[in-house]
Amino acid sequence: MAGLELLSDQGYRLDGRKATELRKVQARMGVFAQADGSAYIEQGNTKALAVVYGPHEVRMSRSKTLHDRAVINCQYSMATFSTAERKRRPHGDRKSTEMSLHLKQTFEAAVLTNLYPRSQIDIYVKILQSDGGNYSACVNAATLAVIDAGIPMRDYVCACTAGFVDETPLADLCHAEESGGGTSLALALLPRGGHIALLQMDARLHQDHLETLMEAAMTACKGVSKVLDQVVRQHLQEVSALTGE
Amino acid sequence: MIKTEKVLHLKSSRGRKVRVVREHYLRELVPCYSSLCQAECANEGKVLSADVTHYVVPDAGVTRDFMEILEFREIQGLVFTQTACQAVQHSRGRRQYNRLRSLLKDPRHDCVLFANEFQEYSYCPREKGEPQDKWQTRCVYQAAVWYHDHLAGLKPVVMITEDQGAVAEYSSLNCGVYVLSTLEYLRTFWPELQAAHELYGSIAQALRERGNEGTEREFAEHLPAEVLEAGIKSGRYTQGTLNVNKHRAQHEAFVRFDGSSNKNSELDSDVLVWGGKNRNRAVHGDMVAVELLPKGEWRGRTTALTEGQGEEKGEESQGQPMPTGRVVGILQRNWRDYVVTFPPREETQSQGRNSLRILATPWDQRIPKIRISTHQADTLQDHRVIVRLDSWDSTSLYPNGHSVRVLGRAGELETEVQTILIENCIHIAPFSEAQLREMPASSPERPWTVDPAEVVTRRDLRDTHLVFSIDPRGCEDVDDTLSVRSLPPGPQGPRLELGVHIADVTHFVKEGTLTDLEARARATTYYLADRRYDMLPAVLSADVCSLLGGVDRYAMSVMWDLDAQTLQVNRVWYGRTLIRSSYQLYYEQAQALLNGEEAELPPEERDHKLSHLIEALETLTQVARHLRAQRDQGGALELEGVEVRAQLDEDKNITALVPRQPLEVHETVAECMIYANHWVARKIQERFPQQALLRHHPPPRQEFFTQLQDSARALGFTIDTRSNKALADSLDQAVDPQDPLVNRLLRVMATQAMSNALYFSTGACPVDQYYHYGLALDRYTHFTSPIRRYADVIVHRLLTAAIAVEEGARPAKASASNKELEEMAQHINNKNRAAQHAQKVSMELFQCLYFRDKDPETAECCDAVIYAIRTNGVLVFIPQYGLKGALYLRNREGQVVRVSQDGRCVWEAGSLQRSLDHVSTTTASGTSTFRLFQHVTVRVSVQTSRCHADTLHLELVSNRAHRAPEPPDRTPRAAPPQGTRGRSQLVQEVVRQAEEALLQAEEKKGRVSELSKEEREFRQSKTPNLYSLLEEVREQALLDLTAFSTGLHTLSS
């Protein structure tokens, strides 16, 4: 169906959202007890699970050790049942490797790695259900997991995608919109300072539109950060209630 | 917002079934777009009016099948649901959906879209096992109920559906929400809307019939869209537009590629599609995918002339084999409304088993017969009816259609004119009241006056400049005026100020108003032989905007500060002005003034300004000559040169020739307009490099010149077509001193080879394609006739915006984007083409009327010149009437023409030989030869046709030049007056208004550019472009036409 109308004349998107509206975000922290930190997030129908181990001593080859800061090791994978057609290879393909690298870059920019020289932090992210915006769901989940693990960060890292249809920027694309052939831009933001941790865009876009598109993505990221902040605060309240303080 | 999920089962690209889960967000606040809304919805834009008796909500089925009824403007208060719109998109494709969208956008039509599926309370999820159509009906019903409740029951809501079960189920559930079937609805609420009832009947009938089709397969199935797309990408199939050959509609069709999609580089020509099976249900104009046949099956195009339906089976003469293919799928149907004629009763009955179904013959020969189911066959005999095509299944030999509207009895003038309009997709309703309400008031008693507030903002030229206009006699819509004066000398010497002042239409027609929308839809003023349809209401075009003499008018001006000697431009000023035209001249008058003769000016105009006027005219002429010379150096095609030279040779004949000879003043005015257009083009392109509307004229394809070169070679001339300059020069040299017609014919052929000038948006084309070939200008646009062309209106707005930006002001509204502008340019191009074609066809209609009224035996013997050779005949040109036509040397019985000693012609059995520059017939009694550019005598008669337009038929009388009984002068210059007399009589008989309409029809230059008329009988035309040169010619100022244009010419003189 080449003719899917991504944005109707009345300004509705396929799923009934308006151009700037995000999908419903729900998240929980501390879902596993075994790991140092863990979190689960749902962004619409995209569901991701993130687990953090560390900081601990470097377990990979010794040569990787950095003596002024910690090494961040990320692994991204998708569950075989996460897509409409069953995936053959859950991790290790090109796309996953690339995604792992992106995550690593993002968190190297956000985590205060120089506090933990000669150590390693492992971040494992798994997509349980994929419906567009995998990268942003992973980043958001991993942020919560890192916070849960108690590793200091400069700020939350919030990520969101934005697309461009009919001269209008759309926030937080779903799968149908992503695969519709338009531009998709993924942006990870440290919202308080407005620093960009990572910006990625594959498709072509006219230079004039880049500004508006980034603006839209940043607004969306700030929206996400509010939700994450709430989740963290609520989690803290629950935890502190449990510990009886 | 509430999040729900929707589960869909879709097919994946590999054809497997995939379960897709989509999110679906619901909200409480979905605008209802009704002016009655009690809940303060955010209703922006179009809103349903409150003064209707009810709101009507069609369900998915009705929207899908009966959209044409919903398009009636009388039906108001329409609420389309999102569900219904999506159903249309899925089942009927993008074309129908776009139609629905444009309906929703059209502010003249009282209908809105309600996004029911995103409304929390009107959304109902599809239940398990529920059929789709049931679910859709339920959704629509829910929406209707919500609508009723939302408006607090202020308006009854009627839902219409074709599903009788739904009517029974829902009708009693809620009070205030009525569920009716479409028929019942029409009967109850619109009993007087007869057209809708008839349309409903015919659509319903067509739908019923479609159910019980035979299963016998007549055509191969079309391939599915995915396969086609993949095939086109891989180069296996080629995509293009199907063009049916008008003269062999049964067999021959060509596919022309769209430039970009042609991956197959060896295919630089069109692909031939031979026969009905290979054409596989494609109709003229459809976008199709073709597969090439193996080389062994390739064939050539037929080169023999065919006469109407006369099929010459057996010894088909073919040209060079060319790529041949078959249609494998249709990417986009391009069906429009067609005019058909119902067969007389005898034929109907012989069509056998089902007398309800009738095969009607379309007016356009390229369209196959259409099967229509109707009860009205008897009453509609010999009537022309508009039909729409519905479908064409592989089991059927003919497409199915339904009738929409009856035009009238075939052969009546009104019916025929309407037919021409419909066939060219020209829909013109009178201006609505709402549109006329927007107009400024002006009446003879209280004429419109300028607004003092507006005067302050404009440059006032009323006292400083002598402004005058030159137009054809009797012209009402004066949209251009001129001024010229000397300025105090500058550092370089004396200076001149040349000014072109154009009617300021955009001041009155603001963007987005109803008048603007209507003008945009029409895009141009349509001129037919006997009437015209204005683009703007008469109060604007003939009064308030028109720059009439002696009254204050708003204008948009371009003024050049020129060096008086070299005519170098020192400075250009663009802006809005206030002018008062001192003289409203017509061409002959202006020329007389120039020549120093006594002009017939009304006495009150003979004041002191007259000497100024004459001076200004002289300066203007000087300037124009200079400008023209500049363009000539650049290579402008100057095809009128011969005419001028002929004038000098034989001075006496000229007064006898054309009362409105190509006066120099025509050229002067045209040159000033070209200059203004050029400078405005430069300005807007500079200011809006991505989104300016310009006009370009691409260089012609070299292969189109072949005929011209061949013909010229037969006479020993060579034509160099490498550049426009070379072409112009070599045409100047190709003169046969014995026969001035030769040069003229060559020029006509050259003109035919040209492509069309087109509007485009600067963002859509690389800069090197901006060039205007005919005018030899690097930038060109249309600025000078905003009353008659919508393109000029756009250009005016761009220019205004450019001036505003320059003055530092931010333009109030962003101008149209490149994409919108390009779409607009396409639309205007299409409309222009339609307008020209309609004009041409209506001319033919009147020509046929003329010859029909004449005595068949005596009068129509006239002189003709052979200009092309075909295998079974020749193409001739008749200078007296400006006609072109085919002359058969072999008739259907296989007999050929033999010329006896005294020049008479007889039909005898024999054979025909064709060579490059002559064709000869051999019979038992001798051989006769016909050479290129030989003069012969022919007789013209009318061939009537019941279903199609009448055509002219030529018959060879003698192989010698015809000696006209009156002035024994066979030069073409003597011919027009004869025609003039005869034709003007005709016109007076048939239509009164023709004169006026035609005067308007001609460009300011007053030249009748009637080139397209020559192709009328040009039966072997190879490209569709050949028809539509009219506009082209106007702006190229191909003055060569006067002789060919006797038709139009005489009608108007």
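Residues numbered from 1 in each chain as written. Chains lettered and ligands numbered in written order. Predicted model: local features only at pLDDT ≥ 70, side-chain atom pairs only at ≥ 80, totals over all residues. Heavy atoms only, no water.

Test applied: UniProt positions are given in the numbering used here, feature names are shortened, and annotations may be inferred rather than shown by experiment.
As recorded in an unreviewed UniProt entry, chain B goes by DIS3-like exonuclease 1 and comes from Esox lucius. For chain B, the Sequence similarities (unreviewed entry) comment in UniProt is given as "Belongs to the RNR ribonuclease family." The UniProt entry for chain B carries the following comment under Subcellular location (unreviewed entry): "Cytoplasm".

The name given to chain A in an unreviewed UniProt entry is Exosome complex component RRP41, with Esox lucius as the source organism. For chain A, the Sequence similarities (unreviewed entry) comment in UniProt is given as "Belongs to the RNase PH family."

**Details of the nonpolar core**
Test applied: Here, nonpolar core means buried Ala, Val, Leu, Ile, Met, Phe, Trp, Tyr and Cys residues that are tied together by side-chain atoms lying within 4.5 Å of each other. Throughout this description, buried means an accessible area under 20% of the type-specific maximum (1.4 Å probe, protein chains only), exposed means over 50%, and partly exposed covers the range between.
Ranked by size, the top nonpolar core spans 85 residues in total, and within it Phe468, Ile470, Trp560, Leu585, Leu613, Leu693 and Phe783 of chain B carry the most contacts. Grouped together as the second largest cluster of nonpolar side chains are 61 residues, Ile41, Ile72, Ala171 and Ala217 of chain A included.

**A short note on the interface of chain A and chain B**
Interface extent is often summarised as the accessible area lost during association of the parts. Threshold: Contacts are assigned to residue pairs with any non-hydrogen atoms lying within 4.5 Å of each other. Accessible area, probed at 1.4 Å, shrinks when two parts are joined; the buried area is that loss added up over both. Should a side-chain nitrogen of Lys or Arg be within 4 Å of a carboxyl oxygen of Asp or Glu, the pair is scored as a salt bridge. The term polar contact refers here to a pair of N or O atoms within 3.5 Å; inside protein, the definition further demands a hydrogen-donor-capable atom paired with an acceptor-capable atom, and it admits residues adjacent in sequence only when both atoms are side-chain atoms.
Chain A puts 24 residues into the contact, and the matching count from chain B is 27 residues. Together chain A and chain B conceal approximately 2,100 Å² of surface at their shared face, both sides included; 45% is due to carbon and sulfur atoms. On the chain A side of the interface with chain B, the three residues burying the most area are Gln10, Tyr12 and Glu85 of chain A, jointly 26% of the side's total. Summed over the shared surface of chain A and chain B, the number is three salt bridges. Across the salt bridge formed by Arg23 of chain A and Glu23 of chain B, the nearest N and O atoms sit 4.0 Å from each other. In this assembly, chain A and chain B are joined by six residue pairs in polar contact (both at pLDDT 80 or more).

**Digging into the sheet that holds strand E36 (residues 926-931) of chain B**
Paired through their backbone hydrogen bonds, the strands of a sheet run either parallel or antiparallel. All names here are of chain B. Formally: Between any two strands, at least two bridges found by DSSP are needed for them to pair. Labels follow the DSSP assignment, with helices taken as runs of H or I lasting at least four residues and strands as runs of E lasting at least two, numbered in each case from the N terminus. For every element, the axis is a line fit to its C-alpha atoms; helices are fit only across the contacting stretch, and the angle between N-to-C directions ranges from 0 to 180 degrees.
Reading across from one edge, E33-E34-E35-E36 is the order of the four strands in this open sheet, with antiparallel pairing throughout. Each edge of the open sheet carries a strand with a single partner, namely strand E33 (895-899) and E36. Strand-to-strand twist of the sheet, defined as the mean angle between neighbouring strand axes without regard to direction, takes the value 50°. Here strand E35 (residues 918-923) pairs with E36 via six bridges, running antiparallel. Residue pairing for E36: Thr921 is matched across the bridge by Ser928.

**Focus on unusual backbone geometry**
Excluding glycine, residues mostly carry a negative phi; peptide bonds, for their part, are mostly trans. Residue and element names in this part refer to chain A. Of note, the bond from Gly54 into Pro55 is cis; its omega dihedral lies within 30 degrees of zero at -5°. The topology assignment puts Pro55 in strand E3 (residues 46-57). With phi around 55°, Asp172 is a residue other than glycine that occupies positive phi space. The residue Asp172 is located in the loop between strand E7 (168-171) and helix H3 (175-178) in this model.

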